[in-house]
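# Structural overview
Spelled out from the first residue to the last, the chains are:
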Amino acid sequence: MTETPTTRQAVHYEQAEMLDGDDLRRHFLIEQLMVPGRLTATYTHYDRMLVAGAVPTDAPLAVGEDLAKLVGSATLLERRELGLINVGGAGRVTADGTVYEVGPQDALYLGRGIASVAFASVDPANPAKFYINSSPAHAAHPSRLVTKSQAIVKELGAPETSNRRTLSQYLHPEVLPTCQLLMGLTRLHSGSVWNTMPAHTHDRRMEAYFYFELPADAVVMHFMGRPEATRHLVVRNEQAVLSPPWSIHCGAGTAAYAFIWSMAGDNQAFTDMDFVAMSDLL
């Protein structure tokens, strides 16, 4: 079953700087994504990114007409591409009759033009949890499963700065062609809390963060806003943050955690970012 999709309008930083905590959460935090037996979706006006979660249990979850209507086409992927990473048990995705076995922390890319998509769990008692992103596409690239072992792995940070982390690039130009969508997974090492520091912005594209593997009594303090006017969001397990191009995005957790980052916008250069000096953060 598909939950009624929601829409998030783009917010100018001058407006964001006048919002209180509740309003910041309403505009930038997606609090419920992984609902057993449901497909939930949020359509954003940041590079038209669609952020969704699917947790199939006893029956498959199919992408329906409501999402197609949301993006103004006959099917969701008529003019879009889709990427997902499975953060649950073993799953199965059927796209136009082709079945993809998507294991834990495997990714799947579906190219423009796929007409039907359905999500299923191999074991309903240990359901798959598909974190899904979709963005507009100008070309039809081949669909492809990207396993955890096929991702590009980079070791970043250091214990001395509390940000040692392993970054895995799944949807990336060195792995497979996409139109604009990038996706990857980062896991913090023991004793590290900062998911990136120093902070940065990238004015040419938006980003979404999906935090997971957080204990029930833990949170991530996600920092956002212009460097000279920072704000924060308290984020819990399996929640997502929308990060506009004008905003920094970094966070620190009270316990071990992982997160999926995804981007859409003008280019696919992962290194296209503008770092912010610590002295400029206010």
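Analysis parameters
Residues numbered from 1 in each chain as written. Predicted model: local features only at pLDDT ≥ 70, side-chain atom pairs only at ≥ 80, totals over all residues. Heavy atoms only, no water. Core = buried A, V, L, I, M, F, W, Y, C linked by side-chain atoms within 4.5 Å. Buried < 20%, exposed > 50% of the residue type's maximum accessible area, 1.4 Å probe, protein only. Contact = heavy atoms within 4.5 Å. UniProt positions renumbered as here; feature names shortened; annotations may be inferred. Helix = DSSP H or I, 4+ residues; strand = E, 2+ residues; numbered from the N terminus. Polar contact = N/O pair within 3.5 Å; in protein donor to acceptor, adjacent residues only side chain to side chain. Salt bridge = Lys/Arg side-chain N within 4 Å of Asp/Glu carboxyl O. Pairing = 2+ DSSP bridges. Axes fitted to C-alpha atoms, helices over the stretch in contact; angles between N-to-C directions.

Generally speaking, soluble globular proteins have nonpolar side chains that are buried together. In this structure, Phe28, Tyr131, Phe210, Tyr211 and Ile260 are the most contacted members of the largest nonpolar core, which totals 54 residues. Not counting chain neighbours up to four residues away, the residues in contact with Tyr131 comprise Leu33, Met34, Val51, Ala52, Gly83, Leu84, Ile85, Met183, Ala208, Phe210, Ile260 and Ser262. Formed by 25 residues, the second largest nonpolar core is a distinct cluster that contains Ala54, Leu84, Ala128 and Phe130.

Before going further, it helps to spend a moment on the UniProt feature "binding site: Zn(2+)" (unreviewed entry) in the chain. The feature "binding site: Zn(2+)" (unreviewed entry), as given by UniProt, occupies His200, His202, Glu207 and His249 in the numbering adopted here. A stretch of 50 residues holds the annotated residues, and the largest C-alpha distance among them is 11.7 Å, short enough that they meet in one place. Residue position: His200 is located in strand 16 (residues 200-201). Leaving out residues up to four positions away in the same chain, His200 has contacts with Ser247, Ile248, His249, Met273, Asp274, Phe275 and Val276. The residue His249 is located in the loop between strand 20 (239-243) and strand 21 (250-253) in this model. Beyond its immediate chain neighbours, meaning those up to four positions away, His249 contacts Thr196, His200, His202, Glu207, Tyr209, His222, Phe223 and Ser243. Within the structure, His249 has its side chain in polar contact with the side chain of Ser243 (distance 3.0 Å).

Before going further, it helps to examine the pattern of salt bridges. Counted by the stated rule, this structure contains 9 salt bridges. For the salt bridge of Glu17 with Arg226, the shortest nitrogen-to-oxygen distance reads 2.6 Å. Placement of Glu17 in the loop between helix 1 (13-16) and helix 2 (21-28) and of Arg226 in strand 18 (residues 220-226) is noted, with a sequence separation of 209 residues between them. Look at Glu17 and you get partly exposed, because its relative accessible area is 22%. Salt-bridge contacts for Arg92 lead to Glu101; the nearest nitrogen and oxygen are separated by 2.8 Å. Overall, the relative accessible area of 29% leaves Arg92 in the partly exposed class. One network of salt bridges, in which partners are shared, links Glu17, Arg226 and Glu228.

Below, the discussion takes up the sheet that holds strand 4 (residues 50-54). What the 7 strands build is an open sheet, ordered 1-3-4-11-6-9-12; its pairing is mixed. Each edge of the sheet is formed by a strand with only one pairing partner; in this case those strands are strand 1 (6-8) and strand 12 (144-146). Direction aside, the axes of adjacent strands within the sheet are offset by 20° on average. In this sheet, strand 11 (residues 130-136) lies alongside strand 6 (residues 80-86) in antiparallel orientation, the contact comprising 7 bridges. Pairing of Arg80 across the sheet is with Pro136, part of strand 11.

Here the focus is the sheet that holds strand 20. As summarised here, the arrangement of the 7 strands in space is 2-20-17-22-15-14-13, forming an open sheet in which the pairing is antiparallel. Only two strands of the sheet have a single partner each, and these edge strands are strand 2 (29-30) and strand 13 (152-156). Sheet analysis places strand 15 (residues 182-188) next to strand 22 (residues 258-265), joined by 6 bridges and oriented antiparallel. Bridge pairing in strand 22 links Leu182 to Met263.

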